[in-house]
Amino acid sequence: MDNITVHQDNIPIYDIVFSDNFNSLLVLLNKQAISNKKLCIVTESNVATYYLDTLTNLITNNCLLLTSFIFKEGESSKNLDTVQELYEHLIINKFDRNDMLIALGGGVVGDLCGYTAATYLRGIDFIQVPTSLLSQVDSSVGGKTGVDFSSYKNMVGAFHMPKLVYMNTSVLDTLSDRQFISGMGEVIKYGVTFDKEFLNWICTNFDSILEKNHDSLAYIISKSCDWKRQIVEEDPTEKGIRGLLNFGHTLGHAVEKYMNFSLLHGECVAIGSVLSTIISY
């Protein structure tokens, strides 16, 4: 997979880097001058058991200070209470505008960490290290951050672009089948809304995708990210064409709420996509 550069006003602002390991991450972090920064890895309890030690061992002697903030996995943690706890962690550890957050996890982690980065001290840098298929193909790209407020989905948020998105596709090996298939809800969205050939390819190669064939995963992730890049570059703050990326989401969010978040986000997007298609006829 070739790396992808995201632009704003024709100026390159960050790279989406593809790998099948974490070996290149430190090199890229050093380009962010982390030797002069404090870093905080923000993650959730399940992802932490798999990858937190790996990133900690990789980074710990290469920055001024490395801390970690772990919250309970799941949508129920994606709220201002968790953000407040993260603010307090950063304040106690004397993080300032020169420092950086690392979002290690799926969409919940990326959204929450990104929103915190956008609002702490009026904005500090962060990078995305997405660990789910859904976050790799969608939520880690584009700078759309936010948390739930009371019973309202994604009602508090900000647009805040990451400094880097690092895709380690090998982390998908530890993803449950349900989580993996949930991510396909976002992948299929790109085919339905923008690219008939891509949709046909997905249908033809679905067995290979489900088997997590490396070449198939490389193709669907890079293709999805490139579509997201194109849309975000044209409409970075969702005032026009970027709204098309919400296909399946309006009804999907209603399904999420109705089911008390017992269904995964990608499952609800898939249901919302089917309902939207039926309504459009």
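Quick notes on the rules
Residues numbered from 1 in each chain as written. Predicted model: local features only at pLDDT ≥ 70, side-chain atom pairs only at ≥ 80, totals over all residues. Heavy atoms only, no water. Helix = DSSP H or I, 4+ residues; strand = E, 2+ residues; numbered from the N terminus. Buried < 20%, exposed > 50% of the residue type's maximum accessible area, 1.4 Å probe, protein only. Areas by Shrake-Rupley, 256 points an atom, 1.4 Å probe, with all protein chains shown as cover. Lys, Arg positive; Asp, Glu negative; His and termini not counted. Charge placed at Lys NZ, Arg CZ, Asp CG, Glu CD. Contact = heavy atoms within 4.5 Å. Polar contact = N/O pair within 3.5 Å; in protein donor to acceptor, adjacent residues only side chain to side chain. Axes fitted to C-alpha atoms, helices over the stretch in contact; angles between N-to-C directions. Parallel < 35°, antiparallel > 145°, perpendicular 65-115°, else oblique. Nonpolar A, V, L, I, M, F, W, Y, C, P; charged D, E, K, R; others polar. Patch = residues over 30% accessible without salt bridge, like charges linked within 9 Å, V, L, I, M, F, W, Y side chains within 5 Å. Salt bridge = Lys/Arg side-chain N within 4 Å of Asp/Glu carboxyl O. Left-handed = near helix turned anticlockwise from the far one by under 90°. Right-handed = clockwise from strand over helix to strand, strands pointing away.

Undergrad: Which parts of the structure should I look at to understand the overall build of the chain?
TA: Tallying secondary structure elements over the chain gives 11 helices and nine strands in all. Considering only C-alpha atoms, the chain reaches an extent of 55 × 40 × 40 Å along its principal axes. For the chain, the proportion of its 281 residues judged to be buried stands at 50%. Total accessible area on the chain is roughly 13100 Å²; 51% of this is exposed by carbon and sulfur atoms. Side chains of the chain carry 21 positive and 32 negative charges; the gap between the two charge centres is 6 Å.

Undergrad: How do you make sense of the environment of His249 when you look at a structure like this?
TA: By the secondary structure assignment, His249 is in helix H10 (residues 249-258). Sequence-wise, His249 and His265 are 16 residues apart; in three dimensions their C-alpha atoms are separated by 9.0 Å. If sequence neighbours within four positions are ignored, His249 has contacts with Glu186, Lys189, His265 and Val269. From its side chain, His249 meets the backbone oxygen of Phe247 in a polar contact 3.1 Å long.

Undergrad: In this structure, what is going on with unusual backbone geometry? I would like to understand it.
TA: A negative phi angle is the norm for most residues apart from glycine, just as the trans form is the norm for most peptide bonds. The phi torsion at Asn10 lies on the positive side, around 65°, for a residue other than glycine. Residue placement: Asn10 occurs in the loop between strand S1 (4-8) and strand S2 (11-19).

Undergrad: Even after reading the chapter, I still don't get the packing of helix H6 (residues 177-193) against helix H7 (residues 196-204), so can you show me in this structure?
TA: Two quantities define a packed helix pair, namely the angle between the axes and the distance from one axis to the other. As a packed pair, H6 and H7 sit with axes 6 Å apart at the nearest point and diverge in direction by 140°. As judged from the angle between their axes, H6 and H7 are oblique. The residues of H7 that touch H6, namely those facing Met184, Val187, Ile188, Tyr190, Gly191 and Val192, are Lys196, Phe198, Leu199 and Ile202. For the contact of H6 with H7, a count of residues per class yields eight nonpolar, one polar and one charged.

Undergrad: Just to check I follow, could you spell out a nonpolar patch on the surface for this structure?
TA: On the surface, a cluster of nonpolar side chains totalling about 450 Å² of accessible area is made up of Ile271, Val274, Leu275, Ile278 and Ile279. Looking at where Val274 falls in the secondary structure, it is placed in helix H11 (residues 265-280).

Undergrad: In this structure, what is going on with the packing of helix H3 (residues 80-92) against helix H4 (residues 107-119)? I would like to understand it.
TA: Contact pair H3 / H4: the axes reach a minimum separation of 10 Å and the direction vectors enclose 55°. With respect to each other, H3 and H4 are oriented oblique. As H3 runs across H4, the sense of the crossing is right-handed. Side by side, H3 and H4 meet where Leu80, Thr82, Val83, Leu86, Tyr87 and Leu90 of the first sit next to Leu112, Tyr115, Thr116 and Thr119 of the second.

Undergrad: Would you mind going over the pairing of strand S6 (residues 125-130) with me for this structure?
TA: Remark: a regular strand shows side chains that alternate across the two faces of the sheet. For S6, the buried fraction is high: five of the six residues fall into the buried class. The β-α-β motif built from strand S5 (residues 100-105), the intervening H4 and the parallel element S6 has right-handed crossover chirality.

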